[in-house]
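# Commentary on secondary and tertiary structure
Below are the chains, spelled out letter by letter.
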Amino acid sequence: MTETATSEIHPKTVRAITRIAKSAKDASTELATTSTAVKNAALEAIAQTLEENTADILQANAEDLEMAEKKGTAEALLERLRLTEERIADIAGAVREVIALDDPVGTVIQGRTLLNGIQLTEQRVPMGVIGAIYEARPNVTVDIAALAIKAGNAVVLRGGSAAKSSNTLLIELLRSAVESAGLPAATVAGIDDYGRDGAKVLMQSRDFVDLLIPRGGADLISTVVHESIVPVIETGVGNVHMFLDASATARQAADLVINSKTHRPSVCNALETLLVHEKTARRVLPKILGELDAHGVTIHAGSDVGEYAPEGVKVRRVSRRDWAKEYLGLEIAIKLVAGLDEAIEHIRAYTSGHTEVIVTNDISNADAFVGAVDAAAVGVNVSTRFTDGGQFGLGAEVGISTQKLHARGPMGLTHLTTSKWIMRGSGQLRT
């Protein structure tokens, strides 16, 4: 850790975070050789303790929600923060889905025998200690911990002040659960008590933390990427586009747009910008604009889109800022384009590299779109909401990586491992 990076932080905070990170490192050494059966037992204990303590979790979450509402927190963040009995049950279910997944640790990626007789294999091993910095998402506390444990890693979590009561209780429950299964309590640790200074120290703890994953808004992610000396996987910002080609049918197009925008508008795979082929505008836009309005979606568009709006549907003037905006709420930007090339050009100019979708009945256009668009996930005739670790069969996800190194797209178990080469010989010497 560099002295200049922490010189303005209270020494007690530096010592406390260093102690937590070192304990996590020690726990990760034990986890690296822990059997799948023990790891699965720890995960089952986590699922059970969530179910058994649902009432207490809801009470802690209610405290967070009350405080957030008093501060005037945006509805999108409140939606991410909110837990319900159903959501807690879903979180416990996601933990059990991780139990059912194959353990990646020890998997042989490749192997061969060299001409000199050395048997060479590359196999998956745990990453070690994974740090996560996120905001207003108590479900992430459990998701990341569950995946990390199954992949043989310890975790240090900074969930932000907005979810402090929820995360404090969840981490207590997680630590108790893993300890009951025979794993060190330090397998899971939280640093919310140390605020932003604690997060800064975590970002400098390269001696103990092997990987840092930020999840949240663009500002949070940018801060972690630029200030951390721990390796970072950039996740989550989703300026997501959908292009309605000339061959798109009105009913399918409307269904996909409405699901992509309104199913859960506060998440990163929700639709933010709709591009519509000018030749299909008259056929699809009246229905889409009417349904968006009925769902309470604020529409940002030019006058060329507005002329297709049904009576009573208001269209706000769009600005250049709207094309680059991740609304994370019930708002959408709509643009008419001359064709596939203009749609791709617009996406290239404004994409965050998360998810891009084309709606079309033209196979050649679908193939051209898939080939030309550079994003972690590209879809044809599907809702943008499917870019999700659970939907992809990865179990609960750590995040959705929008970068290209190590991992891209929804990050599951295998993305929380690295590899090592093993050489088995009989005394071979290099000549």
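Residues numbered from 1 in each chain as written. Predicted model: local features only at pLDDT ≥ 70, side-chain atom pairs only at ≥ 80, totals over all residues. Heavy atoms only, no water.

The name an unreviewed UniProt entry assigns to the chain is Gamma-glutamyl phosphate reductase, from the organism Brevibacterium luteolum. Per UniProt, the comment on the chain under Pathway (unreviewed entry) is "Amino-acid biosynthesis; L-proline biosynthesis; L-glutamate 5-semialdehyde from L-glutamate: step 2/2." In its Sequence similarities (unreviewed entry) section, the UniProt entry covering the chain states "Belongs to the gamma-glutamyl phosphate reductase family." (UniProt positions renumbered as here; feature names shortened; annotations may be inferred.)

### Focus: the sheet that holds strand β1 (residues 108–113)
If you trace the three strands from one edge of the open sheet to the other, you get β1-β2-β16, paired in antiparallel fashion. Two strands bound the open sheet, and with one partner strand each, they are β1 and β16 (417–424). Strand-to-strand twist of the sheet, defined as the mean angle between neighbouring strand axes without regard to direction, takes the value 20°. Looking at chain direction, strand β2 (residues 119–126) and β16 are connected through eight bridges and run antiparallel. (Pairing = 2+ DSSP bridges. Helix = DSSP H or I, 4+ residues; strand = E, 2+ residues; numbered from the N terminus. Axes fitted to C-alpha atoms, helices over the stretch in contact; angles between N-to-C directions.)

### As for the sheet that holds strand β12 (residues 355–359)
Spatial strand order, β10-β9-β11-β8-β7-β12-β13: seven strands in an open sheet with parallel pairing. In this open sheet, the two edge strands, each paired with only one partner strand, are β10 (315–317) and β13 (377–380). Strand-to-strand twist across the sheet, computed as the mean angle between neighbouring axes with direction ignored, equals 25°. As paired strands, β12 and β13 are joined by four bridges and run parallel to one another. The partner of E356 across the bridge, within β13, is V378.

### So, the pattern of salt bridges
Scanning the entire structure with this criterion turns up 18 salt bridges. Linking E79 and R264 is a salt bridge whose minimum nitrogen-to-oxygen distance equals 3.6 Å. On the criterion of sequence distance, the pair formed by E79 in helix α5 (residues 75–81) and R264 in the loop between α11 (250–262) and β8 (271–277) is long-range, its members being 185 residues apart. In this structure R264 comes out as partly exposed when scored by relative accessible area, which is 26%. Taking the shortest distance from any N to any O, the salt bridge between K164 and D193 comes out at 3.5 Å. In this pair, K164 is assigned in helix α8 (residues 164–180) and D193 in the loop between β5 (188–190) and α9 (195–203), connecting sequence segments 29 residues apart. Residue class for K164 comes out partly exposed when judged on its relative accessible area of 34%. A relative accessible area of 59% means that D193 is categorised as exposed. A cluster of three or more residues bridged by salt bridges with shared partners is formed by E75, E79, R82, R87 and R264. (Salt bridge = Lys/Arg side-chain N within 4 Å of Asp/Glu carboxyl O. Buried < 20%, exposed > 50% of the residue type's maximum accessible area, 1.4 Å probe, protein only.)

### What about the environment of D219?
Examined against the element boundaries, D219 turns out to sit in helix α10 (residues 218–227). D219 sits 18 residues away from V237 along the chain, and the two C-alpha atoms are 9.8 Å apart.

### Observations concerning the nonpolar core
Within the largest apolar cluster, 71 residues are counted, with the highest numbers of intra-cluster contacts made by I46, L50 and L416. Of all the elements, helix α7 (residues 138–150) adds the most residues to this core, at eight residues. If you look at the next biggest cluster of nonpolar residues, it comprises 29 residues, including A253, L271, A281 and V305. (Core = buried A, V, L, I, M, F, W, Y, C linked by side-chain atoms within 4.5 Å.)

### What to know about the packing of α7 against α8
With their axes 9 Å apart at the nearest point, α7 and α8 run at an angle of 25° to one another. One finds that α7 runs roughly parallel with respect to α8. Considering only the axes of α7 and α8, their crossing is right-handed. Contacts between α7 and α8 pair P138, T141, V142, A145 and I149 from the former with S166, N167, L170, I171, L174 and V178 from the latter. Classifying every residue of the contact of α7 with α8 by side-chain character gives eight nonpolar, three polar and no charged. (Parallel < 35°, antiparallel > 145°, perpendicular 65-115°, else oblique. Left-handed = near helix turned anticlockwise from the far one by under 90°. Contact = heavy atoms within 4.5 Å. Nonpolar A, V, L, I, M, F, W, Y, C, P; charged D, E, K, R; others polar.)

### Regarding a nonpolar patch on the surface
A contiguous nonpolar patch, built from V382, F386 and F392 and spanning about 260 Å² of accessible area, is present on the exposed surface. With respect to the element layout, V382 can be found in the loop between β13 and β14 (400–401). For V382, a relative accessible area of 32% corresponds to the partly exposed category. (Patch = residues over 30% accessible without salt bridge, like charges linked within 9 Å, V, L, I, M, F, W, Y side chains within 5 Å. Areas by Shrake-Rupley, 256 points an atom, 1.4 Å probe, with all protein chains shown as cover.)

### Some points on the domain arrangement of the chain
The figure often quoted for interface size is the accessible area lost as the parts come together. Entries for the chain in the domain assignment read domain 1 (11–235 + 408–423) and domain 2 (241–392). Counting the surface lost from both domain 1 and domain 2, the interface buries some 810 Å², and carbon and sulfur atoms represent 53% of this. If you sort the residues of domain 1 by the area they bury against domain 2, R80, R408 and P410 come out on top, with a joint share of 60%. For the pair domain 1 and domain 2, the interface holds two salt bridges. Here domain 1 is connected to domain 2 by two residue pairs in polar contact (both at pLDDT 80 or more). Taken together, the residues of the side of domain 1 that touches domain 2 break down into two nonpolar, one polar and four charged. (Domains from an automatic or database assignment. Buried area = accessible area lost by both parts, 1.4 Å probe. Polar contact = N/O pair within 3.5 Å; in protein donor to acceptor, adjacent residues only side chain to side chain.)

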